Amino acid sequence: MTRLLELLVNGVSLGAVYALIALGFVIIFKASEVVNFAHSSLLLLGAYVIAILHDDLGFAGAVAAGICAAAVCGALVEFVLLRRSRVRRDVLAIATIGIDIVLTTELVRRIGPDVMSLGDPWRDRVVHLGGITIAQTRLAALLVAALLIGAFLAAFRYTPWGVAMRSAAEDSETAALMGVRLGRTMMSAWAVAGALAAVAAIFLTAFPTPGLDRTTSIAALKAFPAAILGGLDSTTGALVGGLLIGVTESLASGYQGDLAFLGRGLGDVAPYTVMVLVLLWRPAGLFGTREVSRA
């Protein structure tokens, strides 16, 4: 029972980090109707900037620089790729794959074979709650993710920026006629998504993982099933999908020794398996909007 509780707590905290990344996918899709496959490279960029600057600027200063770098890069992608393009949205989604390959290749070249530390203050310290042992980074991840997601949902609902975002997502042409500046709204969405990815990068590379290396961007891809599972046009779905994927991965990894007949790497495959099963049941995702077609 203790082992199960420990896996569940770790899964929820990991799922909260995945929810931050999945929320970035959802924000961009709602604002511009583009699936941003370059999101993992934005995460890697933020982590790299923090890793190389934390000795000079301190952890807080490096985090601020990494968030700004990822946000600016996301905004530039929107300005250069989307705003000046007249091609279909599915073609733009494919174009983000090319951006991801170029940016990730350059960052991986710079990282090389090293494992870089982001200088987080929690290090390898753990907390003992009864018989449960939890890394401090996991608890910090859960707290920070909860605060950021709550702040975003509040801003999305109650601020002028959130009203503009929801209007653009509902009907962009009508929103433009009503005075909503679509270009500025979309650019801010890409910037916010990049900033959230940079924050998530801190906890994806902190203990118990060894640090930032060339495979870190792959971790961001595990958040993609969370966004699809919850529904690409649902902010609530990003939160629920992230938690489901995190708990699934934690349980599958924790009990894969008892499920050896399924082969190794069960924790890596389980999120995608859950995504496929959910999509077979609800093609639009758990909270996604179903398209109604008339014959």
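Please refer to the structure higher up on the page.
Every chain is numbered on its own, with residues counted from 1 as its sequence reads. Restriction of local features to residues with pLDDT of at least 70 applies here, the model being predicted, together with a cutoff of 80 or more for giving and counting side-chain atom pairs; totals for whole chains, interfaces and linings are based on all residues. The side-chain figures draw on all heavy atoms in the structure; neither hydrogens nor water molecules are used.

S.K.: Sorry, what's going on with the layout of surface pockets here?
M.R.: The probe, sized like a water molecule, is rolled over the atoms to show the empty space still left. The computed volume of the largest pocket comes to approximately 630 Å³. For cavity detection a 1 Å grid was placed over the protein atoms alone, and a set of points counts as a cavity when a 1.4 Å probe fits there but cannot get out; an open set counts as a pocket when protein lies on both sides within 12 Å along at least five of seven lines, with lining residues being those that have an atom within 4 Å of a point. Taken together, 29 residues make up the lining of the largest pocket; nearest its centre are L14, R138, T209, K222 and E249. At the level of elements, α1 (2-32), β2 (132-135), α7 (182-205), α8 (216-221) and α10 (235-254) are the ones that each hand at least two residues to the lining of the largest pocket. The leading source of residues in the lining of the largest pocket is α1, at six residues. Residues are sorted three ways: Asp, Glu, Lys and Arg are charged, Ala, Val, Leu, Ile, Met, Phe, Trp, Tyr, Cys and Pro are nonpolar, and all the rest, Gly among them, are polar. Of the residues contributing to the lining of the largest pocket, the split by class is 13 nonpolar, ten polar and six charged. Grid points are joined across faces, edges and corners, and a volume is the space filled by probe spheres set on the points. By the criteria applied, helices consist of DSSP H or I runs no shorter than four residues and strands consist of E runs no shorter than two, each listed in order from the N terminus.

S.K.: What exactly am I supposed to notice about a nonpolar patch on the surface here?
M.R.: In this scheme, patches are assembled from residues that exceed 30% relative accessible area and form no salt bridge. Like charges are connected within 9 Å, while nonpolar side chains (Val, Leu, Ile, Met, Phe, Trp, Tyr) are connected within 5 Å. Note on areas: Shrake-Rupley with a 1.4 Å probe; residue coverage comes only from the protein chains shown. We define a salt bridge as a contact between a side-chain nitrogen of Lys or Arg and a carboxyl oxygen of Asp or Glu at a distance within 4 Å. Together, F37, I94, I97 and I101 give the surface a local cluster of nonpolar side chains, amounting to about 360 Å² of exposed area. Here I97 lies in helix α3 (residues 89-111).

S.K.: Would you explain the side chain of S217 in this entry?
M.R.: Of note, S217 is situated in helix α8. Working definition: with a 1.4 Å probe on protein chains only, accessible area under 20% of the residue-type maximum means buried, over 50% means exposed, and in between means partly exposed. Its relative accessible area of 9% is what places S217 among the buried residues. Only heavy atoms enter the contact rule, under which two residues are in contact if any of them lie within 4.5 Å. Not counting residues within four places of it along the chain, the set of residues in contact with S217 comprises S40, L44 and T104.

S.K.: Sorry if this is basic, but what is going on with the pattern of salt bridges here?
M.R.: Opposite charge on two side chains permits them to pair, given that their charged atoms come into close proximity. All chains considered together, the criterion is met by two salt bridges. One salt bridge connects R109 with E106, and the closest N-O pair in it is separated by 2.7 Å. Taken together, the residues span about one helical turn, with R109 and E106 both in helix α3 at a distance of three residues. Residue classification places E106 among the partly exposed positions, given a relative accessible area of 29%. Of the charged contacts in the structure, one is a salt bridge between R110 and E106, with a shortest N-O distance of 2.9 Å. In this pair, R110 and E106 are both assigned in helix α3, four residues apart and thus about one turn of the helix distant.

So far we have only geometry, and geometry alone does not tell us how the molecule works.
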